[in-house]
Amino acid sequence: MDTLALKTDAGHGLLARYRRMHNSGDLDQSIKHFEHASDLCPMDHPCRPAALFNLANVKFISCQAEGRHLDLDIPISLFQGALDLRPIGHPDRPVTQLHLAIALLSRFAKRGFQTDVHAAKELLNEVLDVCHTNSHIHKAALLARQT
């Protein structure tokens, strides 16, 4: 197994353990592994969007868990970077849009930026347009849109 896969797997394992045990050390270590994985993916690497998404996800969880809402710009930027690398029709684009929208809505709830609400609604509408109504992504987008 190559270093990228090892770092990614370790990051996911630590994140799963954090979700079970709520040990902030696991979350911090997960971030480090996903940062290293992201560093291994230059702009043209086929795994770069996934590496950015994983890092954005764990950074977002960290912001929520530790109440560092001023740091939400970081996961939002990472989610946007992943989305930019996933063109229309890419199978992972809707889930990336969903996560970006949720991060934007979270920032709106803490800082009140109206542009975040408008961008989130646009992203969620796109998700609803392309996902099957019975999919978990579609259902999550509906829930997020109601906030």
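From a predicted model like this one, the values you see are computed outputs, not experimental measurements.

What is the right way to read the overall build of the chain from this model?
When you go through the chain residue by residue, the secondary structure sums to 7 helices and 0 strands. What you see in the chain, going N to C, is helices and strands ordered as α-α-α-α-α-α-α. Relative to a compact globule of 147 residues, whose C-alpha radius of gyration would be 15 Å, the chain shows 15 Å and is just as compact. Its C-alpha atoms put the chain at 40 × 35 × 30 Å along the principal axes. Residues classed as buried in the chain amount to 43% of the 147 residues present. Counted over contacts in the chain with a minimum sequence separation of 6, partners at least 24 positions apart contribute 50%. Of the accessible surface of the chain, which amounts to about 8,100 Å², a share of 56% is contributed by carbon and sulfur atoms. On the chain, the mean spot of the 16 positive side-chain charges and the mean spot of the 16 negative ones are 6 Å from each other.

I would appreciate a short explanation of the side chain of Asp26 in the present structure.
Within the secondary structure, Asp26 is located in helix α2 (residues 24-39). Of the polar contacts made by the side chain of Asp26, one reaches the side chain of Arg17; its length is 2.8 Å. Every residue in contact with Asp26, bar those within four places of it in the chain, is listed here: Leu14, Arg17 and Tyr18.

I keep staring at the pattern of salt bridges and nothing clicks. Help me out?
Oppositely charged side chains are able to pair whenever their charged atoms sit close together. In this structure the tally under the stated criterion is 8 salt bridges. The salt bridge partner of Arg107 is Asp73, with a shortest N-O separation of 2.7 Å. Of the two residues, Arg107 is situated in helix α5 (residues 93-111) and Asp73 in helix α4 (residues 73-84); the sequence distance between them amounts to 34 residues. Between Arg107 and Asp116 there is a salt bridge; the shortest N-O distance is 2.6 Å. Asp116 carries the same exposure label as Arg107, and that label is buried.

What counts, and where the lines are drawn
Residues numbered from 1 in each chain as written. Predicted model: local features only at pLDDT ≥ 70, side-chain atom pairs only at ≥ 80, totals over all residues. Heavy atoms only, no water. Helix = DSSP H or I, 4+ residues; strand = E, 2+ residues; numbered from the N terminus. Rg over C-alpha atoms; globule rule 2.2 N^0.38 Å. Buried < 20%, exposed > 50% of the residue type's maximum accessible area, 1.4 Å probe, protein only. Contact = heavy atoms within 4.5 Å. Areas by Shrake-Rupley, 256 points an atom, 1.4 Å probe, with all protein chains shown as cover. Lys, Arg positive; Asp, Glu negative; His and termini not counted. Charge placed at Lys NZ, Arg CZ, Asp CG, Glu CD. Polar contact = N/O pair within 3.5 Å; in protein donor to acceptor, adjacent residues only side chain to side chain. Salt bridge = Lys/Arg side-chain N within 4 Å of Asp/Glu carboxyl O.

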